[in-house]
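Single-letter residue listing:
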Amino acid sequence: MEVNIVRIEQYSGDKAIFYSAIVDDDKETLFEKFLKENIELYGNELRNIDYRIRAI
Amino acid sequence: MVKSKNESVLDLLISQRDENEYAKVESRMGIAVKIAKALKRKGMTQKELAEKLGKRPSEISKWLTGNHNFTHDTLFDIQTVLNIRLLDCEMDSINEIVEIKPIEIKYKDNMNVTVCANMRIEFDKHIPYKHSKNNNRFYLS
């Protein structure tokens, strides 16, 4: 299993950089997969995560 | 939730941000940071803070997640124990309206000239104020 670190540009800036991981030959990061899997049922919770990461 | 072919779920999430909601989240996290910093500065543990406030330590942990919706009284008690400022409503009424009126000066030939007076008002301590452009009045706040 090969894991590559990917910088998430939408959350990265001068004070902090946000990374996720891509496993093997996947096209999506683990974070993107997590969002996809949970956006329908847990949209509000994901929005909260988005705001908190942005605040950090 | 509809997303276009090339738009990621993250981009869609970001496009649907509510700035008012974000401001609330940021504020809650700010309070948690302020409490955490105060604890560190005072060398106080979460357990000690809990004891002083008559709370369970687990409740303090919950406060520090940055997701908690505090009541006014809880914030008041915390700021008292930690000697920090979490509430910003020390004055609940307008104490005094300070009005600067233009001074009218008439010349011998009845030409009217209006001059705004420059006044210096000194208080015993710094009192925050707001200036209303509508009526050119200063309000102590």
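Residues numbered from 1 in each chain as written. Chains lettered and ligands numbered in written order. Predicted model: local features only at pLDDT ≥ 70, side-chain atom pairs only at ≥ 80, totals over all residues. Heavy atoms only, no water.

**Student:** Please explain helix α5 (residues 72-82) of chain B as it appears in this structure.
**Tutor:** Note that an α-helix has 3.6 residues per turn; residues three or four places apart therefore point the same way. All names here are of chain B. Listing the buried residues of α5 in full gives T74, L75, I78, Q79 and L82. Seen from one end, α5 has its buried residues packed into an arc of 130 degrees, which puts them on one side. What points out from α5, more than 90 degrees from its buried face, is the exposed set D73 and T80. Those residues of α5 hidden inside the fold are in contact with α2 (19-42), α3 (46-53) and α4 (57-63). Backbone geometry just after α5 places N83 at a positive phi near 55 degrees. (Buried < 20%, exposed > 50% of the residue type's maximum accessible area, 1.4 Å probe, protein only. Helix = DSSP H or I, 4+ residues; strand = E, 2+ residues; numbered from the N terminus. Arc of directions from axis to C-beta. Contact = heavy atoms within 4.5 Å.)

**Student:** Just checking my understanding: could you explain the packing of α2(B) against α5(B) for this structure?
**Tutor:** The packing of two helices is summarised by the inter-axis angle and the distance between the axes. Residues and elements named next belong to chain B. Running from N to C, α2 and α5 point in directions that differ by 25 degrees, and their axes come no closer than 10 Å. Overall, the two elements α2 and α5 adopt an arrangement that is roughly parallel. Our pair here, α2 against α5, has a crossing hand that is left-handed. Of the residues in α5, those touching α2 at I31, I35, A38, L39 and K42 are L75, I78, V81 and L82. In terms of residue class, the contact of α2 with α5 is made up of 8 nonpolar, no polar and 1 charged. (Axes fitted to C-alpha atoms, helices over the stretch in contact; angles between N-to-C directions. Parallel < 35°, antiparallel > 145°, perpendicular 65-115°, else oblique. Left-handed = near helix turned anticlockwise from the far one by under 90°. Nonpolar A, V, L, I, M, F, W, Y, C, P; charged D, E, K, R; others polar.)

Geometric descriptors of this kind do not, in isolation, establish any biological role.
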